[in-house]
Amino acid sequence: MLTGISASSDFGHWHGSDIRLRLYMSISHFQPVVESPNLKDYQSLYASFNWAQEKKALAGLPGGQGYNMAYEAIGKHAHGLLKDCIALRWIRKDLSVTDFTYSQLDTLSNRFANV
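Anyway, here's the lowdown on the structure attached to this text. Everything quoted here is computed from the prediction, not taken from an experiment.

Conventions adopted
- Residues numbered from 1 in each chain as written.
- Predicted model: local features only at pLDDT ≥ 70, side-chain atom pairs only at ≥ 80, totals over all residues.
- Heavy atoms only, no water.
- Pairing = 2+ DSSP bridges.
- Helix = DSSP H or I, 4+ residues; strand = E, 2+ residues; numbered from the N terminus.
- Buried < 20%, exposed > 50% of the residue type's maximum accessible area, 1.4 Å probe, protein only.
- Polar contact = N/O pair within 3.5 Å; in protein donor to acceptor, adjacent residues only side chain to side chain.

1. A closer look at the pairing of strand β1 (residues 86–91)
Here β1 runs beside strand β2 (residues 97–101); their pairing, made up of five bridges, is antiparallel. Bridging across to β2, Leu-88 finds its partner in Phe-100. Hairpin geometry of β1 and β2 is characterised by an intervening segment of five residues between the two adjacent antiparallel strands and by a positive phi of about 70° at Leu-95.

Written out as structure tokens, the structure is:
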């Protein structure tokens, strides 16, 4: 939901639903970003894959208590320099947006785990 946009903003004289329309028009005109895949040769990777080597890239739980994928994906960032960075951006069909930082995802994940 758009709030706090005045006539003196970048939207000029656009108001209410006109702003949403203009945003939709802008978003709908974005060109897709074409990127090359990061996994170009699956068979080669499969043949050479080594868990011991991959384990070196994992941070592991604090205190050497093992490994947890939720910690690797969210927790280590939620308690580090990226804690206030956007980890997930949810764009709904109506184009409203909700951002979640690593810290917020960690809190929500812990809340869900404790249900």
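Next, the rest of the story.
2. Description of the side chain of Thr-101
Relative to the helices and strands, Thr-101 resides in strand β2. Since its relative accessible area comes to 15%, Thr-101 is described here as buried.

3. Digging into helix α4 (residues 69–78)
Among all positions of α4, only Tyr-71, Glu-72, Ile-74, Gly-75 and Ala-78 are buried. For α4, the side-chain oxygen to backbone nitrogen distance between the N-cap and Ala-70 is 2.8 Å, and the N-cap itself is Asn-68.

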